[in-house]
Amino acid sequence: MKQILLIIFLGASVSATAQILSLSFDDALRQMQQGNRSLKIADKGIETARTERDKLNALWYPSLQGAGTFVHLSEKIEVKQPLSQFTDPAKDFVHNLVPDDQFISSILDQIGSHTLAFPLAPRNLSTVGLTAEWIVFSGGKRIRAGKIGNAMIDIARENREQTDATQRVLLAESYFGLRLAQEVVRVRQDTYNSLKRHYENALKLEAAGMIDKAGRLFAQVNMDEAQRSLEASQKETAVLQNALRTLLNITDTCSIQPVSPLFINAVLPAKEEFLQTMQTENYTVNQLQLQSHIAKQQLRIEQSGYLPDIAVFGKQTLYAHGIQSNLVPRTMIGVGFTWNLFDGLAREKRIRQSKIAQQTLSIGQEKAKDDLSVGIDKLYTQMQKAQDNVRALNTTIELSEELVRIRKKSFTEGMATSTEVIDSETMLATVRVARLAAYYEYDVALMNLLALCGTPEEFGKLSNLRVEN
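Predicted, not measured: the structure shown is a model, and the values here were computed from it. (Residues numbered from 1 in each chain as written. Predicted model: local features only at pLDDT ≥ 70, side-chain atom pairs only at ≥ 80, totals over all residues. Heavy atoms only, no water.)

1. What to know about the overall build of the chain
Our working rule: Helix and strand assignments come from DSSP, with helices taken as H or I runs of at least 4 residues and strands as E runs of at least 2, each series counted from the N terminus. Exposure is judged per residue with a 1.4 Å probe applied to protein chains only, and the accessible area is read against the type maximum: over 50% gives exposed, under 20% gives buried, and values in between give partly exposed. Here, Shrake-Rupley sampling with a 1.4 Å probe gives the accessible areas, and only protein chains in the shown set may cover a residue.
Within the chain, the regular secondary structure consists of 11 helices and 12 strands. The 469 residues of the chain split such that 37% are buried. Within the structure as shown, the chain displays about 27300 Å² of accessible surface, and the carbon and sulfur contribution to it stands at 56%.

So this is what it looks like as structure tokens:
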């Protein structure tokens, strides 16, 4: 039947008859990065950091507030002035002119006993106005806050890169794990087919009287055992298929076929190169360095608390009822400052706390580098062991293949027992699977090593220098 190939956005081909999706590792990586939820969450973290930076930068702009009030007073606002201060000088003047005058003096006394009241505002008052304030000097707080905002964005980006590296490691484990499982299925299938042919030969030799029933049953038991191992490997492959589909966010039930082979590098870069790269590219080290920078800026902010804040302010009354403009002007502009002279030593405690945080982060950065060096050494050694195992197993496989060939030929001629043939077949399958496992361990260890160094994108470059399985 002619197959219809559909070219999808990854450039992979899907067989309409077999429903097989062939993916290289690069194709799988692009697919994962497009739909991975962990990466989407990390992207939202960058957006959140940008919003926080913009909020801190808002301190550079003036603030404008509108306010309105309605007030009911228990009494009117008025000025009271007793008239005696005016009548007493008049009485003295009259007495100087007419010493015995009583009439005018009595009239002035009556007038002086009263108080003159001048109303200024009624009992009900209402105002609506705008107030603006612009801080022109804050002791450097706004500059430091802006630097903190930029550092927060850098931390979010490092976190995003770290998340991407983690997902690349998971992809390598799933992708090459599926490739390993499929290769193991092929080995198990070859072993089963070989043991099945051996069983058929045993039936013929039993019929010819060259072997006994026990020899034929021994071949049958091992054939059945090989079949069970094959079925177990196929089930394991199905589980890894589902895991890879979930990681790639593929909802179709098609079978994924990894086309990038398991590989191993003949020569590894020097371990010192990985250690040097880790010093500057590792995500945890960079995040701790950025956090130390934030702590330094926070210390500068706390130290700027010794300086005053200077601001320009203005107020414009848009509507006023009951308050005359000659008493309270409608427009006011001025400059003011606030200076915290003493706050119970809280400022000094915050400065001390910021210094301790900065010192702690510096120590944490050095500790992280030491821990990462140990991890790199462990992974590098694991990769070297995988290389050594592959070199040793290649020779063993050559020997096992030759031994299987000789014993099969000897068995058909009656010169070898069924046990010897089955042992050689089992040994060949075991070393083939062991070599595949060594390739897989190398690939996963390489991805983990590059992720620790902060350069997981170098995996594709090293895979091009591979020695394929």
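2. Focus on the packing of helix α5 (residues 141–207) against helix α10 (residues 418–453)
Filter applied, for reference: Note on geometry: axes are C-alpha line fits, over the in-contact stretch for helices, and angles between N-to-C directions span 0 to 180 degrees. Here the word oblique covers every angle except those under 35 degrees (roughly parallel), over 145 (roughly antiparallel) and from 65 to 115 (roughly perpendicular). Residue type decides the class: Asp, Glu, Lys and Arg count as charged, Ala, Val, Leu, Ile, Met, Phe, Trp, Tyr, Cys and Pro as nonpolar, and the leftover types, Gly among them, as polar.
For the pair α5 and α10, the least separation of the axes is 10 Å and the interaxial angle reads 170 degrees. Comparing their axes, α10 and α5 come out roughly antiparallel. For the contact of α5 with α10, a count of residues per class yields 18 nonpolar, six polar and eight charged.

3. Here we look at the packing of aromatic side chains
Counted only if it meets this: Within 6.5 Å between ring centres, the rings of Phe, Tyr and Trp (the latter by its six-membered ring) count as paired, and their orientation is classed by plane angle as stacked under 30 degrees, edge-to-face over 60, tilted in between. Charge over a ring is defined by NZ of Lys or CZ of Arg lying within 6 Å of the ring centre and within 35 degrees of the ring normal.
Within the structure shown, the criterion is met by nine aromatic pairs. Ring centres of Phe 25 and Phe 176 lie 5.4 Å apart, and the angle between their planes is 25 degrees; this geometry places the pair in the stacked category. Here Phe 176 lies in helix α5 and Phe 25 lies in helix α1 (residues 25–35), a separation of 151 residues in the sequence. Residue Phe 25 shares its accessibility class with Phe 176, and that shared class is buried. A cation over a ring is seen here: Arg 142 above Trp 60, with NZ or CZ 4.4 Å from the ring centre.

4. Observations concerning the environment of Leu 203
Relative to the elements of secondary structure, Leu 203 occurs in helix α5. Distance from Leu 203 to Arg 216, taken between C-alpha atoms, is 6.4 Å for residues 13 residues apart in sequence.

5. What about the side chain of Asn 265?
We count it as follows: Within 3.5 Å is the distance limit for a polar contact, defined as a pair of N or O atoms, with the added protein rule that one can donate a hydrogen and the other accept it, and that residues adjacent in sequence qualify only through two side-chain atoms.
With respect to the secondary-structure elements, Asn 265 resides in strand β9 (residues 263–265). Classification of Asn 265 as buried rests on a relative accessible area of 5%. Polar side-chain contacts of Asn 265 include one of 2.9 Å to the backbone oxygen of Leu 462.

6. A word on the sheet that holds strand β10 (residues 309–321)
Defined as follows: A pair of strands is treated as paired once DSSP finds two or more bridges between them.
Strand order in the open sheet formed by four strands is β4-β7-β10-β11, and the pairing between neighbours is antiparallel. Sheet topology places β4 (63–72) and β11 (331–338) at the edges, where each strand pairs with a single neighbour. For this sheet the average axis-to-axis angle between neighbouring strands, irrespective of direction, equals 25 degrees. Pairing analysis gives 10 bridges linking β4 to strand β7 (residues 124–137), with the strands arranged antiparallel. Along β7, the bridge assignment pairs Phe 70 with Ser 126.

7. Section: unusual backbone geometry
The backbone phi angle of Asn 249 is positive, close to 60 degrees, even though this residue is not glycine. Residue position: Asn 249 is located in the loop between α6 (213–247) and β8 (255–258).

8. Here's the deal with the pairing of β8
By the alternation rule, side chains of β8 split into Ile 256 and Pro 258, which are all buried, and Ser 255 and Gln 257, of which none is buried. As judged from the four bridges shared by strand β3 (residues 20–23) and β8, these two strands associate in the parallel manner. By the bridge assignment, Ile 20 is partnered in β8 with Ser 255.

9. Section: the UniProt feature "coiled-coil region" (unreviewed entry) in the chain
To keep things clear, this is the line we draw: UniProt positions are given in the numbering used here, feature names are shortened, and annotations may be inferred rather than shown by experiment.
UniProt tags residues 216–243 and 376–403 as "coiled-coil region" (unreviewed entry). Between the end C-alpha atoms of residues 216–243 the distance is 41 Å, and the span holds 100% helix and 0% strand. Counting secondary structure, residues 376–403 comes out at 100% helix and 0% strand; the distance between its end C-alpha atoms is 40 Å.

10. A closer look at the packing of helix α2 (residues 37–57) against α5
Following both chains from N to C, one finds α2 and α5 inclined at 175 degrees, their axes separated by 8 Å at the closest point. If you check the angle between α2 and α5, you find them roughly antiparallel. Here the residues of the contact of α2 with α5 sort into nine nonpolar, nine polar and seven charged.

11. Focus: the pattern of salt bridges
Where side chains of opposite charge bring their charged atoms close, a pairing between them can arise. Here is the rule: Each reported salt bridge corresponds to a side-chain nitrogen of Lys or Arg within 4 Å of a carboxyl oxygen of Asp or Glu.
Under the defined criterion, the tally for this structure stands at 20 salt bridges. Across the pair Glu 402 and Arg 405 runs a salt bridge, and its minimum N-O distance is 2.5 Å. Of the two residues, Glu 402 and Arg 405 are both situated in helix α9 (residues 346–412); the distance of three residues between them amounts to about one turn of the helix. In this structure Glu 402 comes out as partly exposed when scored by relative accessible area, which is 35%. It is possible to trace a salt-bridge network through shared partners that takes in Arg 179, Glu 183 and Arg 186.

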